[in-house]
Amino acid sequence: MNEVMLLIGGKSTAAEQGRSFSRIDPVKNVVASNAAAASVADVNAAVDAAASAFPAWAATGPSRRRELLLRAADVLMAHTPEFIQLMIAETGATEGWAGFNVAFAASVLREAASITSQISGEVIPSDVPDNLAMGIRQPMGVCVGIAPWNAPVILGVRALAMPLACGNTVVFKASEACPAVHRLIGAVLHEAGLPDGVVNVITNAPEDAPEVVAALIDHPSVRHINFTGSTRVGRIVAERAARHLKPVLLELGGKAPLIVLDDADIDAAVNAAAFGAFMNQGQICMSTERIVVEEKVADEFVQRLSARAAGLPLQDPSLGPTVLGSMVDARSAANVTGLIEDAIEKGAHVTAGGKRDGTLMQATVLDGVTIAMRIYAEESFGPVVSVIRVSGDEEALRVANDSEYGLSASIFSRDIARALKMAWRVQSGICHINGPTVHDEPQMPFGGVKASGYGRFGGKAAIDEFTTLRWITVQTGDRHYPF
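Colleague: Honestly, the overall build of the chain in this entry has me stumped. Any pointers?
Modeller: When helices and strands are counted, the chain shows 15 helices and 23 strands. Scaling as 2.2 N^0.38, a compact globule of 483 residues should have a C-alpha radius of gyration of about 23 Å, and the chain matches this with 24 Å. Seen through its principal axes, the chain has C-alpha atoms that stretch 75 × 60 × 40 Å. By the burial criterion, 57% of the 483 residues in the chain qualify as buried. Counting contacts in the chain only where the partners sit at least 6 residues apart, residues at least 24 apart contribute 74% of the total.

Colleague: Would you explain helix α14 (residues 416–425) in this entry?
Modeller: In an α-helix, one turn spans 3.6 residues, which is why side chains three or four residues apart end up on the same side. Looking at α14, one finds that the buried residues are Arg 418, Ala 419, Met 422 and Ala 423. Relative to the axis of α14, the buried residues are bounded by an arc of 135° and lie together on one face. Across α14 from its buried face, at more than 90 degrees, point the exposed residues Lys 421 and Trp 424. Buried residues in α14 make contact with β13 (256–260), β14 (288–294), α13 (393–401), β20 (408–412) and β21 (430–433). For α14, the side-chain oxygen to backbone nitrogen distance between the N-cap and Ala 417 is 3.2 Å, and the N-cap itself is Asp 415.

Colleague: Teacher, can you tell me more about the pattern of salt bridges here?
Modeller: Pairing between side chains of opposite charge can happen when their charged atoms approach one another. This model, assessed by the stated rule, comprises 25 salt bridges. Among the salt bridges present, the one from Asp 262 reaches Arg 418, with a minimum N-O distance of 2.9 Å. Of this pair, Asp 262 sits in the loop between β13 and α9 (266–278) while Arg 418 is found in helix α14, placing the two residues 156 residues apart along the sequence. Under the relative-accessibility criterion, Asp 262 is labelled partly exposed at 28%. Classification of Arg 418 as buried rests on a relative accessible area of 18%. Taking the shortest distance from any N to any O, the salt bridge between Asp 267 and Arg 304 comes out at 2.3 Å. Pair noted here: Asp 267 is in helix α9 and Arg 304 is in helix α10 (residues 295–310), with a separation of 37 residues, a long-range link.

Colleague: Would you explain the sheet that holds strand β19 (residues 384–390) in this entry?
Modeller: With mixed pairing, the seven strands of this open sheet are ordered in space as β15-β18-β19-β14-β13-β20-β21. At either margin of the open sheet sits one strand with a lone partner, and together these are β15 (349–352) and β21. On average, each strand axis in the sheet is inclined to that of its neighbour by 25°, with strand direction left out of account.

Colleague: I keep staring at the sheet that holds strand β7 (residues 131–139) and nothing clicks. Help me out?
Modeller: Each strand in a sheet pairs with another by means of backbone hydrogen bonds, the pair being arranged parallel or else antiparallel. Spatially, the three strands line up as an open sheet ordered β6-β7-β23, and their pairing is antiparallel. Among the strands making up the open sheet, the edge pair consists of β6 (122–124) and β23 (467–475). Within the sheet, the average angular offset between the axes of one strand and its neighbour, ignoring direction, is 30°. As paired elements, β6 and β7 share three bridges and run antiparallel to each other. Looking at β7, one finds that Val 123 is bridged to Met 134.

Colleague: In this structure, what is going on with the packing of helix α3 (residues 80–91) against helix α4 (residues 95–115)? I would like to understand it.
Modeller: When two helices pack together, their arrangement is captured by the angle between the axes and the distance separating the axes. Contact pair α3 / α4: the axes reach a minimum separation of 9 Å and the direction vectors enclose 130°. One way to sum up the angle between α3 and α4 is to call them oblique. When the axes of α3 and α4 are compared, the crossing they make is right-handed. Residues Thr 80, Phe 83, Ile 84, Met 87 and Ile 88 of α3 lie in contact with α4, whose contacting residues are Glu 95, Trp 97, Ala 98, Gly 99, Asn 101 and Val 102. Its residues placed into classes, the contact of α3 with α4 shows seven nonpolar, three polar and one charged.

Colleague: In this structure, what is going on with helix α5 (residues 152–165)? I would like to understand it.
Modeller: For α5, built from 14 residues, the straight-helix expectation of 20 Å at 1.5 Å per residue is met to within 8% by its first-to-last C-alpha distance of 20 Å. By the criterion of burial, α5 is predominantly enclosed, with 14 of the 14 residues buried. Positioned one or two residues after α5, Gly 167 has a phi angle of 95°, which is positive.

Colleague: Would you take a moment to explain empty space enclosed by the protein for this structure?
Modeller: Empty space among the atoms becomes apparent when a probe as large as a water molecule is rolled across them. Taken as a whole, this structure holds five cavities of 30 Å³ or more when the rule is applied. If you add up the space inside the largest cavity, you get close to 140 Å³. Forming the boundary of the largest cavity are 16 residues, of which Val 108, Arg 158, Pro 442, Phe 457 and Gly 458 lie nearest the centre. Secondary-structure elements contributing two or more residues to the lining of the largest cavity are α4 and α5. The space that makes up the second largest cavity amounts to roughly 60 Å³. Along the wall of the second largest cavity there are 16 residues; nearest its centre are Pro 257, Tyr 405, Gly 406, Ser 408 and Gln 427. Secondary structure elements with two or more residues in the lining of the second largest cavity: β13, α13 and β20. Grouping the constituent residues of the lining of the second largest cavity by class yields seven nonpolar, seven polar and two charged.

Colleague: How do you make sense of the layout of surface pockets when you look at a structure like this?
Modeller: When its volume is computed, the largest pocket comes out at roughly 1600 Å³. For the lining of the largest pocket, the secondary-structure elements that each account for two or more residues are β4 (20–24), α7 (209–218), β11 (222–228), α8 (231–243) and α11 (330–345). Top contributing element to the lining of the largest pocket by residue count: α8, with seven residues. Each residue belonging to the lining of the largest pocket can be placed in one class, and the counts come to 21 nonpolar, 12 polar and 12 charged. The space that makes up the second largest pocket amounts to roughly 270 Å³. Surrounding the second largest pocket, 18 residues form its lining, Trp 97, Phe 100, Met 286, Val 438 and Asp 440 being those nearest its centre.

Conventions adopted
- Residues numbered from 1 in each chain as written.
- Predicted model: local features only at pLDDT ≥ 70, side-chain atom pairs only at ≥ 80, totals over all residues.
- Heavy atoms only, no water.
- Helix = DSSP H or I, 4+ residues; strand = E, 2+ residues; numbered from the N terminus.
- Rg over C-alpha atoms; globule rule 2.2 N^0.38 Å.
- Buried < 20%, exposed > 50% of the residue type's maximum accessible area, 1.4 Å probe, protein only.
- Contact = heavy atoms within 4.5 Å.
- Arc of directions from axis to C-beta.
- Polar contact = N/O pair within 3.5 Å; in protein donor to acceptor, adjacent residues only side chain to side chain.
- Salt bridge = Lys/Arg side-chain N within 4 Å of Asp/Glu carboxyl O.
- Pairing = 2+ DSSP bridges.
- Axes fitted to C-alpha atoms, helices over the stretch in contact; angles between N-to-C directions.
- Parallel < 35°, antiparallel > 145°, perpendicular 65-115°, else oblique.
- Left-handed = near helix turned anticlockwise from the far one by under 90°.
- Nonpolar A, V, L, I, M, F, W, Y, C, P; charged D, E, K, R; others polar.
- Expected span 1.5 Å × (residues − 1).
- 1 Å grid on protein atoms, 1.4 Å probe; cavity = no way out; pocket = protein on both sides within 12 Å on 5 of 7 lines; lining within 4 Å.
- Points joined across faces, edges and corners; volume = space filled by probe spheres on them.

Note that all results are geometric; they support no functional claim without further evidence.
Following this line, the structure appears as structure tokens:
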């Protein structure tokens, strides 16, 4: 069992009154981690530590910040075995997914390191004689990062890396589902040499989450919040922050469509669909949830995808490498089963999978999904994909856009001009042509529209999110006044 402490002001500390909570292994149903259960007092201490560390960190030069972030990437990679063990135990992830998380998170840190010297301003022409006018970007102050469990190393590091590169200090609220994984990120940054208080990590019991998040948002020293998670909680975060006029970056739920046009390369589309739908048991914000396929090629596509899904290995990830591991908990698995059963009752057909053993669920393909079924609109966040048959480009586009979400999408066609015209009209923050819906790179502007949130992580786009733009002038000569 892993013991998890808070990280406040560079020191590992127990929660107020020694309170703690347990994270249960979703497969073995034993305690995976015992973590400190932070109180509001602990939250305030973490924010105060970050606020105290801010002036010195903001004044730290870009080369030094780059050096520390690059060192953190190397330290992170050195802890790969530990991250893998913790992800398997706390979230039921596969060894491959956990290892990929670490490697990608290291690249996020390296990309952030490259940004430290690209935070630039501009000289703006002024109509006032002898007036030098400048637009200057400066760090915001204390930033709160809140990340989920499904890609915990990637999303945890993403919540911190660019804020730090831009000169902010951070309070990171770990997910209740992976406290040890997220606390290890804090340990990595501390080991890499970031000064005390620059990064602080809070873990909390699930029942305390509303109070802890409210305290983080309400603290007067907090200047910005980034949240990755469900749309339901994202709305709560945004509403709370709005009371204080604090900016928020939200990366929320998704219901990604993969459109297969009648001239698509079917093999390529099947490969992308299988990867996008079933990687990490479909527990990715970009997961392919809906396959919108033209009737002319639907039978062939469904047959090939179903055969592919039926052949994907599934087992307890602690037993060794596998394609499919566990879902994060029994409640999530039961919810997916409920969506499948509802679809079957209303006329859909299971062409692959459909069964589960506890939190281990087969890769499932549902053909004939219609708007009458819950799974048509609800985010499943599990290893099930819906096939919706359409006739023609316009119906494909209408169905793809018939969702409250708008994070990722993809289109398969051999006619690139045709696909590109459709991509312009797809309502999503991200759209890939002849590629999977699950695709991210640290330098890309990542984020959604509609109920998938607003703001962008990644590369230069994130500079705007984590700095404030100020107007500063210098009057270099005499100025005329009307009186």
